[in-house]
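Single-letter residue listing:
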Amino acid sequence: MPKPYPKEFRDDVVRVARNREPGQQLKQIAADFGISESCLAGWLKAADVEDGAKPGITNEQSADNAEPRKRIRLLEQENEVLRRGLSLAGEPAGKMMYPLVRELAADGIPVAVTCRVFEIARQPYYRWLADPVTNAELEQAYRANALFDALRDDPEFGYRFLADEAAEAGQQMASRTAWRICSINKWWSSFGKKRGAKNRRSGPPVHNDLVERNFTADSPNALWLTDITEHHTGEGKLYLCAIKDGRSQGTNATLLMSSFSFSRGVWNPRVLRGRLLS
């Protein structure tokens, strides 16, 4: 945009145009000073307004109205920022806001105004703008937030149930994607097995090895194998005990039902013996 002409130059041109000889055209005067005829006509009109010869807004009045117009424009920009920001209501400030700041800047709203309304610093935004987050990373962040919110509400849920909860919140994803995000962030169900270092040493055996690691038998009722596990529930501890004849090759469902009855304190030797022998 070219620089405006100095005020002294404009006043001289207007004075010459007003005092021109009869029959002299404005076009000739404008050409003598190196300006266009329309520019000279505009200067003459503005001079008439300043002198009160024609109605209009003078420069002094325009300067007085500049500050209110600037304030109104600023309020309009802040209102637009708040209106566009309603879609991110409840989201944490920071990187989630940066794409919206960029969109508003493209629409003509200064970054300083948007950052002031959102109460975020400008320097981190400019660093993000130099190396922005990709759409895939942004989508994964939204999915991770949905999974974490579901896990916080229902800590006993596994990744499949968390994916269903996230879908209800508007974040659709495959079960494999939910597993990957939960695995990366180490979000496990409260009922899942404990995760720890794999290089830890196992503790001492609870009993002596009476069979010397030989868990087979040549005849029934010669060698019995048993194991018991403890599970924490909302009503207390639950103990599951499995008993197996060394001659048998597997544990059937009836044996597990009997062990469950045993864990609940329902001990009936005759029923249990009958199920084991069956």
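For the structure, see preceding data.
Conventions adopted
Residues numbered from 1 in each chain as written. Predicted model: local features only at pLDDT ≥ 70, side-chain atom pairs only at ≥ 80, totals over all residues. Heavy atoms only, no water. Buried < 20%, exposed > 50% of the residue type's maximum accessible area, 1.4 Å probe, protein only. Helix = DSSP H or I, 4+ residues; strand = E, 2+ residues; numbered from the N terminus. Pairing = 2+ DSSP bridges. Axes fitted to C-alpha atoms, helices over the stretch in contact; angles between N-to-C directions. Parallel < 35°, antiparallel > 145°, perpendicular 65-115°, else oblique. Contact = heavy atoms within 4.5 Å. Nonpolar A, V, L, I, M, F, W, Y, C, P; charged D, E, K, R; others polar. Salt bridge = Lys/Arg side-chain N within 4 Å of Asp/Glu carboxyl O. Polar contact = N/O pair within 3.5 Å; in protein donor to acceptor, adjacent residues only side chain to side chain. Phe/Tyr/Trp six-rings, centres within 6.5 Å; stacked < 30°, edge-to-face > 60°.

**Q** What am I meant to see in helix H5 (residues 98-106) here?
**A** Since the α-helix turns once every 3.6 residues, residues separated by three or four places project in the same direction. By the burial criterion, the buried members of H5 are Tyr98, Pro99, Leu100, Val101 and Leu104. Positive phi appears at glycine 108, one or two residues downstream of H5, with a value of about 100°.

**Q** Which parts of the structure should I look at to understand the pairing of strand S2 (residues 236-245)?
**A** Residues in a regular strand project their side chains so that they alternate between the two faces of the sheet. With 10 bridges joining them, strand S1 (residues 224-233) and S2 adopt antiparallel strand pairing. Across the sheet, residue histidine 231 finds its bridge partner in S2, namely leucine 238. Between the end of S1 and the start of S2, which pair antiparallel, lie two residues.

**Q** It is not clear to me how the packing of helix H8 (residues 135-153) against helix H10 (residues 175-185) should be interpreted in this structure. Could you clarify?
**A** Each pair of packed helices gets described by two things: the angle between the helix axes and the distance between those axes. It is at 10 Å that the axes of H8 and H10 come closest, and there the two elements cross at 80°. Overall, the two elements H8 and H10 adopt an arrangement that is roughly perpendicular. Only Thr177, Ala178, Arg180, Ile181 and Cys182 of H10 make contact with H8, whose side of the interface consists of Gln140, Arg143, Ala144 and Leu147. For the contact of H8 with H10, a count of residues per class yields five nonpolar, two polar and two charged.

**Q** Just to check I follow, could you spell out the pattern of salt bridges for this structure?
**A** When the charged atoms of two side chains with opposite charge come close together, those side chains can pair. Within this structure, the stated rule accounts for 10 salt bridges. For glutamate 76, the salt bridge goes to arginine 73, with nearest N and O atoms at 3.8 Å. One end of the pair, glutamate 76, and the other, arginine 73, are both in helix H4 (residues 59-85), three residues apart, so they sit about a helical turn from each other. Relative accessible area serves as the criterion here: at 46%, glutamate 76 is assigned to the partly exposed category. Judged by relative accessible area, which is 44%, arginine 73 ranks as partly exposed. One salt bridge in this structure joins arginine 83 and glutamate 80, with 2.7 Å as the shortest N-O distance. Taken together, the residues span about one helical turn, with arginine 83 and glutamate 80 both in helix H4 at a distance of three residues. Classification of arginine 83 as partly exposed rests on a relative accessible area of 48%. One salt-bridge network, held together by shared partners, links Glu80, Arg83, Arg84, Glu103 and Asp107.

**Q** Could you clarify how one ought to interpret the side chain of serine 189 in this entry?
**A** On the secondary structure map, serine 189 appears in the loop between H10 and S1. Side-chain polar atoms of serine 189 contact the backbone oxygen of glutamate 156, separated by 2.7 Å. Apart from residues no more than four positions distant in its own chain, serine 189 is found in contact with Pro155, Glu156, Phe157 and Gly158.

**Q** Would you mind going over the packing of aromatic side chains with me for this structure?
**A** In this description, an aromatic ring pair is defined by two values, namely the gap between the centres and the angle between the planes. Enumeration according to the criterion identifies eight aromatic pairs in this entry. Relative to tryptophan 43, the ring of phenylalanine 9 has its centre 6.1 Å away and its plane inclined at 90°; by these criteria the two rings are edge-to-face. On the criterion of sequence distance, the pair formed by phenylalanine 9 in helix H1 (residues 7-18) and tryptophan 43 in helix H3 (residues 37-51) is long-range, its members being 34 residues apart. Among the residues examined, phenylalanine 9 registers a relative accessible area of 25% and is labelled partly exposed. Note on phenylalanine 157 and phenylalanine 161: the rings are 5.2 Å apart at their centroids and 45° apart in plane angle, and the pair reads as tilted. Taken together through their ring pairs, the aromatic side chains of Tyr98, Tyr125, Tyr126 and Trp128 make up a single cluster.

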